[in-house]
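Below, each chain spelled out in residue letters.
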Amino acid sequence: MSWTAEEMMTVAAARALAGHTSCFVGIGAPSTAANLARRLHAPGLALVYESGTIGARPRTLPLSIGDGELATTADAVVSVPEVFNYWLQAGRIDVGFLAAAQLDRFANINTTVIGPDYRHPTLRLPGAGGAPEIAASCREVFILVRHSRRTFVEAVDFVTSVGYGDGPGARQRLGLRGRGPVLVVTDLGVLEPDPASCELTLTRVHPGVEVADVRAATGWELAVAGPVTETEPPTEDELALLRALTEGPVP
Amino acid sequence: MSWTAEEMMTVAAARALAGHTSCFVGIGAPSTAANLARRLHAPGLALVYESGTIGARPRTLPLSIGDGELATTADAVVSVPEVFNYWLQAGRIDVGFLAAAQLDRFANINTTVIGPDYRHPTLRLPGAGGAPEIAASCREVFILVRHSRRTFVEAVDFVTSVGYGDGPGARQRLGLRGRGPVLVVTDLGVLEPDPASCELTLTRVHPGVEVADVRAATGWELAVAGPVTETEPPTEDELALLRALTEGPVP
Amino acid sequence: MAELVGLAEGIRELVRDGDTVALEGFTHLIPVAAGQEIIRAGRRELELVRMTPDIVYDQLIGAGCARKLVFSWGGNPGVGSLHRLRDAVEHGWPAPLELDEHSHAGMANRYAAGAAGLPFAVLRGYAGTDLVHHTTTLAPISCPFTGERLTAVAALRPDVAVIHAQRADRAGNVQLWGITGVQKEAVFAARRSLVTVEEVVDVLDPRPGAVVLPSWVLTAVAVAPGGARPSYAQGYYDRDNAYYQWWDTISRDRDAFTGWRKGLRQ
Amino acid sequence: MAELVGLAEGIRELVRDGDTVALEGFTHLIPVAAGQEIIRAGRRELELVRMTPDIVYDQLIGAGCARKLVFSWGGNPGVGSLHRLRDAVEHGWPAPLELDEHSHAGMANRYAAGAAGLPFAVLRGYAGTDLVHHTTTLAPISCPFTGERLTAVAALRPDVAVIHAQRADRAGNVQLWGITGVQKEAVFAARRSLVTVEEVVDVLDPRPGAVVLPSWVLTAVAVAPGGARPSYAQGYYDRDNAYYQWWDTISRDRDAFTGWRKGLRQ
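So, a few notes on the structure that sits alongside this text. Here the structure is a predicted model, which is why all the values come from computation and not from measurement.

Digging into the overall build of chain A
When helices and strands are counted, chain A shows 8 helices and 14 strands. Taking the principal axes of the C-alpha coordinates as reference, chain A spans close to 45 × 45 × 35 Å. Here the analysis covers contacts within chain A between residues at least 6 apart in sequence; of these, 63% occur between residues at least 24 apart. When the accessible surface of chain A is totalled, it reaches about 9000 Å², and 53% of it is carbon and sulfur. For chain A, the distance from the average site of its 20 positive side-chain charges to the average site of its 28 negative ones is 5 Å.

As structure tokens, this is what we get:
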């Protein structure tokens, strides 16, 4: 069975949710990964969406973070102020999933503007949404993003959500209570912060990907772990469930 | 038909609710008066109880501010933080009803302790409950209390809820946004704050009560309005509805 | 008590040039019909407030109704960019658009503070982000008990809030359910409010998860069946996903947008 | 995930000597059985937190479990005084009782701050009252935008919160409805939580006005039918008003109380 790089990325992210209780989910690849995890190995994983749906069990992939399917299948639907204050800010959520338009070596994220001038951007992006507080307050953060030099940049144009700031100790100085990004899953491999330097370090490549490919797609001089392992390829089960999810309703 | 002083007090308070939209109700005489008003002349009056029941239409008098009848008949039941923050503090409620263990000439209220030493009181009272913020935030406050020198005192032992503080301008200086107590209804008559001095002034006596009786039951030198009018006696309708309320279920 | 009004009449009375206007609805129950009525009414210089400006705000911005946008995430959900918003920010077309930009948590707390009659709210947020350099409506604040540094955000107090709900009764009491987002806070934070509803019914029978807004906290209610399309109204109709995709093509091009804008006039 | 435990076991594991303990339930769903189990367990030096200490707190205080009371209204609702509370405050029997006294609005916001992971909350309140002279858990605070003076209250972070609910499912998800008061905030503000329930059911079918607390935010759930008596559990039983009146006679007298206390032991 063959698979796409996107599928490998989603499967790798879904696997990383094993053992976790709750997940704050954004729409797109994170939602797909979290819903795949619930079907694979984490049936009890509580999905929390910023629309206020707590413990949603969508039978089909939601089209938006406020899909009616999420409300209908949730344990509880709470107000938006409540989901941010009582659930996210209080540190009740295990894993937060984030995307990025730009990402630097300390896993700081930009989803606001491209270009040096905030007032006159080259490209206006959607903005912060729930991301800054997800990055601050979830116990751990996973980042899901496709690998390219446009995204993996030396310096982000705007810090929308804080990863490790300017390096070791920054999160503590800023009063951020979650651990920060512990995993960056891309279509090429997996990066993890070095425990000492907090710098994102390539620890795994997906099958068929060379370390040099990842270096070439990274806009800074990428640190590479002593042993770089290879991701297990997607199993037939994983692929079948993922495709059923992305291609239509699952009973 | 004869009536008790307590009945006259409740009827006078119920009448004062005419023309009002919403009322924050405490248990006891205020609740009786507000429910009587709904049956008499204010069927649309929205009763708000601090338990979070909004627009309750109890068929029988509630035993407590958290009676199940209130939840069952309310337009909405909200959390206790919500009722205090979004409904009361925001200034959404027309009239707040308060009781008092002690009351001074500026309508400051004590429901905390009797005696000069808070740590070692002669008599420990229940405390503040919702009263301080009702006194601060309702557009107007009505006080319902029996008249006696023990209650109407020269100086309260503890300011639990602020009326007019030390006199004109005090509410503005303290940042209190409601008008404050506009009416004190007792079993003897009605007191209203003098527009200039803010001092509670006897403006009405109930039928059969002399001004001298009220003076004798007041612990400070009571100001008396130029013309003191007499309260209209309870009508048969008012008494019948009140007694039906206090004596048992109304269909 | 809320007055029952026609939509066109309600918008013309309650939304005035220069107002701060919040249309809320978090993906669900977006008051699109009301927003388009603001365009028809030709309102100008509005300060538009919304956590998630989406198609209806793209339309308002493209139509030149807005002077300023207060927001936390501006995109076409599940599709991509808001091209009219981008054109306004990137190229000042049809007019420059001032931004007051926050995170969702910040916006939600700004509404909650407004709803509670407070001038500000406190949250853990913004520390280390560049958002702090581009808005005057947030400030550091210290806990008087622990000394911890937190962030204060200024309360939102719109002149008028507009939301869409499933139904109202004849007295103007409103009921909405499903994802109810920040609508109660928006209505409570605003000086005036207009609620569009799918229908008016005799009795609002209780429903799990329903929010009820009594008539006496609202200014006006207008019947607008389908008023949330192309978003959805739980129990009434689903999201029209094709419209979201179609809007991407229309909004990319100024001429195509202008054609759409002309077609909107009655 | 919440563990399903026996009530006696749950109380002994979760409530320890010296703990700060909040039993909440606003007139409705008061966790009386759990409170009496704390007496049976012989816990001492507790800092008891509750907006409306009523009969069960009168019992805990009379039994000598408490060192301190954090509260906003202490009475026998609809009946009169709490005589054991008064005896402790007025005469130091069976032991002196330290007080941290607030208004309801203050206590509700203290819980809400705890639930939100904040060290304090802001409200309009206390200005001009003597409460400000007798508690260290409030402080003035200024709005960084308008300069307005408001009041900050310190967050409540109980070691353990105990509430009563109508029901749970087998996974330990809890559902309560009717007047739900400040229970969610109390549970969320606390480090540990125990929920007693009337019954365990297969499925928590949705109910109007219901609050659901997922198993994964709770520590333990214990079945305790009638566990809110003499208060009420909507849909299960009514308030036993005669008990409230009877308690007035028992609690007035130290000997009568001591007799009641002895009868409580198994």
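Having seen it, we continue.
A look at a negative patch on the surface
Residue and element names in this part refer to chain A. On the surface, a cluster of negative charge is contributed by Glu210, Asp213, Glu230 and Glu232. With respect to the helices, strands and loops of the structure, Glu232 is situated in the loop between strand S14 (223-230) and helix H8 (236-247). Classification of Glu232 by relative accessible area gives exposed; the value is 57%.

Some thoughts on the packing of aromatic side chains
Applying the stated criterion across every chain, the model contains 26 aromatic pairs over all chains. For the ring pair Trp87 of chain A and Phe188 of chain D, a centre distance of 5.0 Å and an interplane angle of 90° mean the geometry is edge-to-face. With one member in each of two chains, Trp87 of chain A in helix H4 (residues 80-89) and Phe188 of chain D in helix H6 (residues 183-189) form a pair that bridges those chains. A residue is classified by how much of its surface remains accessible, and Trp87 of chain A, at 0% relative accessible area, is buried. Among the residues examined, Phe188 of chain D registers a relative accessible area of 3% and is labelled buried. Ring geometry for Phe24 of chain B versus Phe84 of chain B: centroids 6.2 Å apart, planes at 45°, classification tilted. In this pair, Phe24 of chain B is assigned in strand S1 (residues 22-25) and Phe84 of chain B in helix H4 (residues 80-89), connecting sequence segments 60 residues apart. Comparing Phe24 of chain B with Phe84 of chain B shows no difference in burial state: the two are buried. Here the basic side chain of Arg50 of chain D rests over the ring of Tyr57 of chain D, its NZ or CZ set 5.7 Å away from the ring centre.

Quick notes on the sheet that holds strand S8 (residues 149-154) of chain C
Residue and element names in this part refer to chain C. The 3 strands are arranged S6-S8-S7 in an open sheet whose pairing can be described as antiparallel. Looking at strand neighbours, the two that pair on one side only are strand S6 (120-123) and strand S7 (138-142), the edges of this open sheet. Along the sheet, successive strands turn relative to each other by an average axial angle of 35°, direction set aside. Where helix H5 (residues 104-115) meets the sheet, its contacts fall on S6 and S8, and the angle it forms with S6 comes to roughly 140°.

Points about the sheet that holds strand S13 (residues 200-205) of chain B
All names here are of chain B. Spatially, the 10 strands line up as an open sheet ordered S4-S3-S2-S1-S5-S10-S11-S12-S13-S14, and their pairing is mixed. Each of the sheet's edge strands pairs with one partner strand only, and the pair in question is strand S4 (76-77) and strand S14 (223-230). Relative to the sheet, helix H2 (residues 29-40) contacts S1, strand S2 (46-49), strand S3 (53-56), strand S5 (95-98) and strand S10 (140-144), its axis offset from that of S2 by approximately 160°.

Things to note about the relation of the copies chain C and chain D
Between chain C and chain D, which share one sequence, the superposing operator has a rotation angle of 180° and an axial displacement of 0.0 Å; the RMSD is 0.0 Å. Expressed as an axis order, the relation between the two copies is that of a two-fold axis. Measuring from the rotation axis to each C-alpha of chain C, the shortest distance belongs to Pro208 of chain C, at 1.9 Å. Looking at chain C, 100% of its interface residues are interface residues in chain D too, so the copies touch through the same face.

What counts, and at which threshold
Residues numbered from 1 in each chain as written. Chains lettered and ligands numbered in written order. Predicted model: local features only at pLDDT ≥ 70, side-chain atom pairs only at ≥ 80, totals over all residues. Heavy atoms only, no water. Helix = DSSP H or I, 4+ residues; strand = E, 2+ residues; numbered from the N terminus. Contact = heavy atoms within 4.5 Å. Areas by Shrake-Rupley, 256 points an atom, 1.4 Å probe, with all protein chains shown as cover. Lys, Arg positive; Asp, Glu negative; His and termini not counted. Charge placed at Lys NZ, Arg CZ, Asp CG, Glu CD. Patch = residues over 30% accessible without salt bridge, like charges linked within 9 Å, V, L, I, M, F, W, Y side chains within 5 Å. Salt bridge = Lys/Arg side-chain N within 4 Å of Asp/Glu carboxyl O. Buried < 20%, exposed > 50% of the residue type's maximum accessible area, 1.4 Å probe, protein only. Phe/Tyr/Trp six-rings, centres within 6.5 Å; stacked < 30°, edge-to-face > 60°. Lys NZ or Arg CZ within 6 Å of the ring centre and 35° of its normal. Pairing = 2+ DSSP bridges. Axes fitted to C-alpha atoms, helices over the stretch in contact; angles between N-to-C directions. Least-squares fit on C-alpha atoms with pLDDT ≥ 70 in both.

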